[in-house]
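What follows is the residue order along each chain.
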Number of protein chains: 2
Amino acid sequence: MRTKFQEQLDALIDRLASMCHLAGQAIEAATDALVLADLPAAERVFDLNEQIEALRGPCEEQAMTLLALQAPVARDLRQVITGVHLVADLSRMGGLAQHVAESVRRRHPKHVTSGEAEQLLGRMGRLAGGLAGLAEQVLRTRDPELAAELDRRDDELDSLHHQLLDLIQDPAWTDSVTVAVDVTLLGRFYERFGDHTVAVGRRVIFLVTGEQLRSNLSIGVDQQ
Amino acid sequence: MRTKFQEQLDALIDRLASMCHLAGQAIEAATDALVLADLPAAERVFDLNEQIEALRGPCEEQAMTLLALQAPVARDLRQVITGVHLVADLSRMGGLAQHVAESVRRRHPKHVTSGEAEQLLGRMGRLAGGLAGLAEQVLRTRDPELAAELDRRDDELDSLHHQLLDLIQDPAWTDSVTVAVDVTLLGRFYERFGDHTVAVGRRVIFLVTGEQLRSNLSIGVDQQ
């Protein structure tokens, strides 16, 4: 029998999945903006980020309503606190997508970068979008296999990130330091976005099962 | 009359102040490591970060014990959740100090950078250490004036960060792209460290008074 607590927990997770969907759209739009120097796409990111931030307060309220329903016991408290961490992750993902869009806006109508660096960043962006989609699925299905898959795909993102840093440090790379600074920060934003999707997957599994997902990965997000 | 809830809240805040103290020591040691290419200082950062991480679980437990004492009402819940966000900020500050130390270890026995860039990073590091000290004082005194002072000093840190990025993008700057990549990331780590100290100040004031600290600043941390 489903309790009122479980029902409200499900309602919260559904709303978090909507936040995650928006974060995925934001990083996709930010990547379009980046590879096409497309200002309207960058503006869409700001709009999506506002939508994400608008969901944040209601999600935290909903998390607290969960507790107000009953005298708190350890596990319920832990679940609510995990829910609050999830809100923070998803909000940060929106913020990172916005940082990418800000970089595009700053250099417009020029491209932030070009050639292989732009291609690699584009691939990182597509992977990041895929990670957000997968994190959304984890929220919707609570499938631990999918959460583990997030870990694996985030490794691919990290690998592209290393390629990107190697590329711009190669003597054959002749762009300016300004471009190097932008590319370094963009790489970092995508990497952090990926870290947060992995954290989302782990937290959902913990929230639903009370069990930590086994992994040797250190995710460096605000809860490991 | 002080309630049991208030007593336990005070005990939690004391422990968070200890975490903040360690985070301040960590960023100071990381900055010593950076400006002196001092490997033992870098190793101290790893040790300090372990101590910070060791406090994290107990702090989260303590936050939950706060709630277990009584049927939760809105304000208490909000306080506990703010406490949980504080733990996350302080932990992240330790993580950022560690990123600085990792950069030093990667380039040792060479300096990561030199000249004016190293000096600016050193100044950013001292400011970041000062911000951590101030955040610790806010935790210990709950003084909203000190929390506002955090905002102001973080502006100085942001200003040094802009100077740093301008410096390495100046045509007169002749170091390699590898150095530019490192300097860009180090600048970002210090900037984020500062953002989290500002967030700590605001959260403490909210936790203690239930009031948001007035500010137009957007701190871009996981709760504004």
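Residues numbered from 1 in each chain as written. Chains lettered and ligands numbered in written order. Predicted model: local features only at pLDDT ≥ 70, side-chain atom pairs only at ≥ 80, totals over all residues. Heavy atoms only, no water.

The name given to chain A in an unreviewed UniProt entry is Phosphate-specific transport system accessory protein PhoU, with the source organism recorded as Rhodococcus opacus. We quote the UniProt Function (unreviewed entry) comment for chain A here in full: "Plays a role in the regulation of phosphate uptake." As recorded by UniProt, the Subunit (unreviewed entry) comment attached to chain A reads in full: "Homodimer." (UniProt positions renumbered as here; feature names shortened; annotations may be inferred.)

## Overview of the confidence of the model for chain A
Averaged over every residue, the pLDDT of chain A is 90; the share at 70 or more is 91%. Of the regions scoring below 50 in pLDDT, residues 215-224 of chain A engages in 33 contacts with residues more than four places distant in sequence or in other chains. (pLDDT = per-residue confidence, 0-100. Contact = heavy atoms within 4.5 Å.)

## Focus: the nonpolar core
One finds L16(A) and L16(B) to be the most contacted residues of the largest nonpolar core, which totals 156 residues. Among residues more than four places away in sequence, those in contact with L16(B) are C59(B), G83(B), L86(B), V87(B), L90(B) and L139(B). (Core = buried A, V, L, I, M, F, W, Y, C linked by side-chain atoms within 4.5 Å. Buried < 20%, exposed > 50% of the residue type's maximum accessible area, 1.4 Å probe, protein only.)

## Some points on the pattern of salt bridges
Under the counting rule described, the total for this entry stands at 24 salt bridges over all chains. Between D195(B) and R192(B) there is a salt bridge, with its nearest N and O atoms 3.2 Å apart. In this pair, D195(B) and R192(B) are both assigned in helix α6 (residues 177-209), 3 residues apart and thus about one turn of the helix distant. Side by side, D195(B) and R192(B) carry an identical accessibility label, which is buried. Three or more residues are tied together by salt bridges with common partners; here these are E28(A), D32(A) and R126(A). (Salt bridge = Lys/Arg side-chain N within 4 Å of Asp/Glu carboxyl O. Helix = DSSP H or I, 4+ residues; strand = E, 2+ residues; numbered from the N terminus.)

## Concerning the environment of I81(A)
Residue and element names in this part refer to chain A. Positionally, I81 belongs in helix α3 (residues 74-107). Relative accessible area serves as the criterion here: at 6%, I81 is assigned to the buried category. Linking I81 and L207, residues 126 residues apart in sequence, is a C-alpha distance of 9.1 Å.

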